[in-house]
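Single-letter residue listing:
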Amino acid sequence: MNSDEIAQSTRRLKLEAAPGGLCVVQDLLNSASMPAASIPDLLSDETSAQDWLAASLRTWQEQTGRTAPHITIGGDDPAALRDLRGLVRRWFTEDVDGVDEHAPRPLEAAITYRDGRLTYEPRGDGAAAVASLVHLEALLASHTGTLSRLKTCRNPDCGAAFYDRSRNGTRVWHDMKTCGNALNLRASRARRRHSPEPEAHPSPQTGEAVEVSP
Ligand SMILES: [Zn+2]
């Protein structure tokens, strides 16, 4: 993986980008460290945060067909972006209801009308401009129905943000092999530890152990 692929937070997890501009919301979530997979936090300092943003805006530009805004990351921005990431994660992991107290106020954007469409352009700079971009894309996606398909992996050690393209929209793991199986196995081991072990006898038909009630 070259440095550009590492900065592309969703691609480094070998995940497909969420459609349209929603990819920036996904990229923000996937910028987090994952110690289990030796993946560093891409928002740890100004340089890595700027690289992360450049890579994310390239994907955004490709997917929306719009010109990416110029946003420069300054000294306090990485910490503000990590806070923003924590807020956005709570949208997916907790039942957040009511006013978004941490949303940037006011959301800074210029709205333009062209060819029968309204588009927005985030204004300002640094973390405030990223926050406007992330909030506006999430808002648009929540109205087209795509936001509900952006999910965070149920494995608490993972939390990777993936876009659920399954027919029923019922995926809960970013990857069944690495997170689904590991967790299911651990849960069934824990269940066995906490419940009295029923006596097992080999089934005469299949040779598999069958549980026999006392
Ligand atoms: Zn996972």
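Residues numbered from 1 in each chain as written. Predicted model: local features only at pLDDT ≥ 70, side-chain atom pairs only at ≥ 80, totals over all residues. Heavy atoms only, no water.

A. Structural view of the overall build of the protein. Helix and strand counts for the protein come out as six helices and six strands. Element order for the protein, N to C, with α for helix and β for strand: α-α-α-α-β-β-α-β-β-α-β-β. Across the 214 residues of the protein, 40% fall into the buried class. Taking the intrachain contacts of the protein between residues at least 6 apart in sequence as the baseline, contacts between residues at least 24 apart amount to 51%. (Helix = DSSP H or I, 4+ residues; strand = E, 2+ residues; numbered from the N terminus. Buried < 20%, exposed > 50% of the residue type's maximum accessible area, 1.4 Å probe, protein only. Contact = heavy atoms within 4.5 Å.)

B. Highlighting helix H3 (residues 46–64). In this model H3 runs 26 Å from its N-terminal to its C-terminal C-alpha over 19 residues, within 8% of the 27 Å that 1.5 Å per residue would give. Burial in H3 covers these residues: Ser48, Ala49, Trp52, Leu53, Ala55, Ser56, Leu57, Thr59 and Trp60. For H3, the elements touching its buried residues are helix H1 (3–7), helix H2 (23–29), helix H4 (77–93), strand E2 (117–122) and helix H5 (126–144). One side-chain oxygen of the residue at the start of H3 lies 3.1 Å from the amide nitrogen of Thr47, identifying that residue as Asp45. Positioned one or two residues after H3, Gly65 has a phi angle of 70°, which is positive. (Expected span 1.5 Å × (residues − 1). Polar contact = N/O pair within 3.5 Å; in protein donor to acceptor, adjacent residues only side chain to side chain.)

C. Here's a closer look at the packing of H4 against H5. At a minimum axis distance of 9 Å, the contact between H4 and H5 shows a crossing angle of 20°. In terms of their interaxial angle, H4 and H5 are classed as roughly parallel. In the packing of H4 onto H5, the handedness of the crossing is right-handed. Contact residues: Asp77, Ala80, Leu81, Leu84, Leu87, Val88 and Trp91 in H4; Gly126, Ala127, Val130, Ala131, Val134, His135 and Ala138 in H5. (Axes fitted to C-alpha atoms, helices over the stretch in contact; angles between N-to-C directions. Parallel < 35°, antiparallel > 145°, perpendicular 65-115°, else oblique. Left-handed = near helix turned anticlockwise from the far one by under 90°.)

D. Expanded view of the side chain of Asn155. The residue Asn155 is located in the loop between strand E3 (150–152) and strand E4 (161–163) in this model. At a separation of 3.0 Å, a polar atom in the side chain of Asn155 contacts the main-chain amide nitrogen of Asp157.

E. Examining the coordination of the zinc ion more closely. Protein coordination at the zinc ion comes from Cys153 (SG), Cys158 (SG), His174 (ND1) and Cys179 (SG), with a distance range of 2.1 to 2.4 Å. Relative to the metal, the four donor atoms surrounding the zinc ion lie at angles of 97 to 123°, and the coordination shape comes out tetrahedral. Counting gaps between the donor residues of the zinc ion yields the pattern C-x4-C-x15-H-x4-C. (Donors = N, O, S within 2.8 Å, 3.2 Å for Na, K, Ca; no water. Tetrahedral: all angles 85-135°; square planar, octahedral: opposite > 155°, others 65-115°.)

F. Representation of the pairing of strand E1 (residues 109–114) in the model. Bridging between E1 and E2 involves six bridges; their strand directions are antiparallel. Residue Tyr113 lies in a different strand from E2, and its bridge partner there is Leu118. Taken together, E1 and the strand that follows it, E2, pair antiparallel across an intervening segment of two residues, in which Asp115 is found at a positive phi of about 50°. (Pairing = 2+ DSSP bridges.)

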